[in-house]
Amino acid sequence: GKKEEAKEYLGAIEKNYTQIKENKMKTGIYVLDLVINQAYVRAREKGISFHLKGTIKKEKVFNTYDLCSIFSNALNNAIDACEKIENQEKKIEIVLLEHSDTLRISISNPATEEMYQTIINSKTTKGDKRNHGLGIGNIRMAVERNQGQVEYRYQEGIITLEIYL
């Protein structure tokens with residue numbers, strides 16, 4: 001009995017799918033590309049510029065589920081931070097760099113010192129602390145499962161997530 005609502009919902013899904021399948025951002029791993037392109041579309045809708053440099057070689061095997069979890073959580077956090085920033089360019093930069101057997105993932109975005117401290121202290125600024133603030137923990141767990149390292153740095157209004165896998 002809700003035909004119009006169903007049509008609107010399906011139209012929104014179709015629009016999002018069409019935008020995401022354009023795959024403007026390419027990492028070399030198709031499923032990861034979908035996650036990153038979804039974030040790209042969301043960022044663009046909010047006036048945030050979004051840049052990806054580098055790719056991941058296919059011959060190196062990474063846990064795709066963990067990569068998607070890392071990027072999904074990190075990019076959601078980066079977009080949220082950009083939305084809260086004033087008087088600064090809203091820009092997310094992703095750099096993928098492989099050397100020998102190591103993949104370096106770097107995600108940078110504008111932030112405040114307070115945001116950085118919240119991350120370092122593993123806290124959330126959201127009201128529902130039971131169901132929010134899990135993203136940073138999910139990133140850390142995914143990195144640990146892959147015997148990697150994760151670190152956050154803050155300098156001159158920019159927070160950078162560095163991951164080595």
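Computed from a predicted structure; not experimentally measured.

Colleague: For this particular structure, what's the right way to read the overall build of the protein?
Modeller: Broken down by element type, the protein carries five helices and five strands. Starting at the N terminus, the α and β elements of the protein follow one another as α-α-β-α-β-β-α-α-β-β. Within the protein, the proportion of its 165 residues that are buried is 39%. Pairs at least 24 residues apart make up 63% of the contacts formed inside the protein by residues separated by at least 6 positions. Accessible surface for the protein amounts to roughly 10,300 Å². Of this, 49% is attributable to carbon and sulfur atoms.

Colleague: Please clarify how the environment of Ser108 should be interpreted in this entry.
Modeller: Here Ser108 lies in strand β3 (residues 102-110). When residues no more than four places from it in sequence are discounted, the contact partners of Ser108 are Lys91, Ile92, Glu93, Ile158, Ile159 and Thr160. Of note is the side chain of Ser108, whose polar atom sits 3.0 Å from the side chain of Thr160.

Colleague: Would you mind showing me how to read the nonpolar core here?
Modeller: Proteins that are soluble and globular tend to have nonpolar side chains buried together. Ranked by internal contacts, the top residues of the largest apolar core, which has 44 residues, are Phe50, Leu67, Phe71, Leu75, Ile92, Ile94 and Ile105. Mapped onto this core, the elements with two or more residues apiece are α2 (30-45), β1 (49-53), α3 (64-84), β2 (91-99), β3, α4 (113-120), α5 (135-145) and β5 (158-164). Counting residues per element, this core draws most heavily on α3, at 10 residues. Ignoring anything within four residues of it in the chain, the contact list for Phe71 reads Leu32, Val35, Ile36, Ile94, Leu96, Ile105 and Ile107.

Colleague: Please clarify how α5 should be interpreted in this entry.
Modeller: Each turn of an α-helix holds 3.6 residues, which means side chains three or four residues apart point in the same direction. Along α5, the positions that sit buried rather than exposed are Gly135, Ile136, Ile139, Ala142 and Val143. Down the axis, α5 shows its buried residues gathered within 130 degrees of arc, on one side only. In this fold, the buried residues of α5 make contact with α3, α4, β4 (149-155) and β5. Looking at the residues trailing α5, positive phi occurs at Gln147, about 50 degrees.

The rules behind these values
Residues numbered from 1 in each chain as written. Predicted model: local features only at pLDDT ≥ 70, side-chain atom pairs only at ≥ 80, totals over all residues. Heavy atoms only, no water. Helix = DSSP H or I, 4+ residues; strand = E, 2+ residues; numbered from the N terminus. Buried < 20%, exposed > 50% of the residue type's maximum accessible area, 1.4 Å probe, protein only. Contact = heavy atoms within 4.5 Å. Areas by Shrake-Rupley, 256 points an atom, 1.4 Å probe, with all protein chains shown as cover. Polar contact = N/O pair within 3.5 Å; in protein donor to acceptor, adjacent residues only side chain to side chain. Core = buried A, V, L, I, M, F, W, Y, C linked by side-chain atoms within 4.5 Å. Arc of directions from axis to C-beta.

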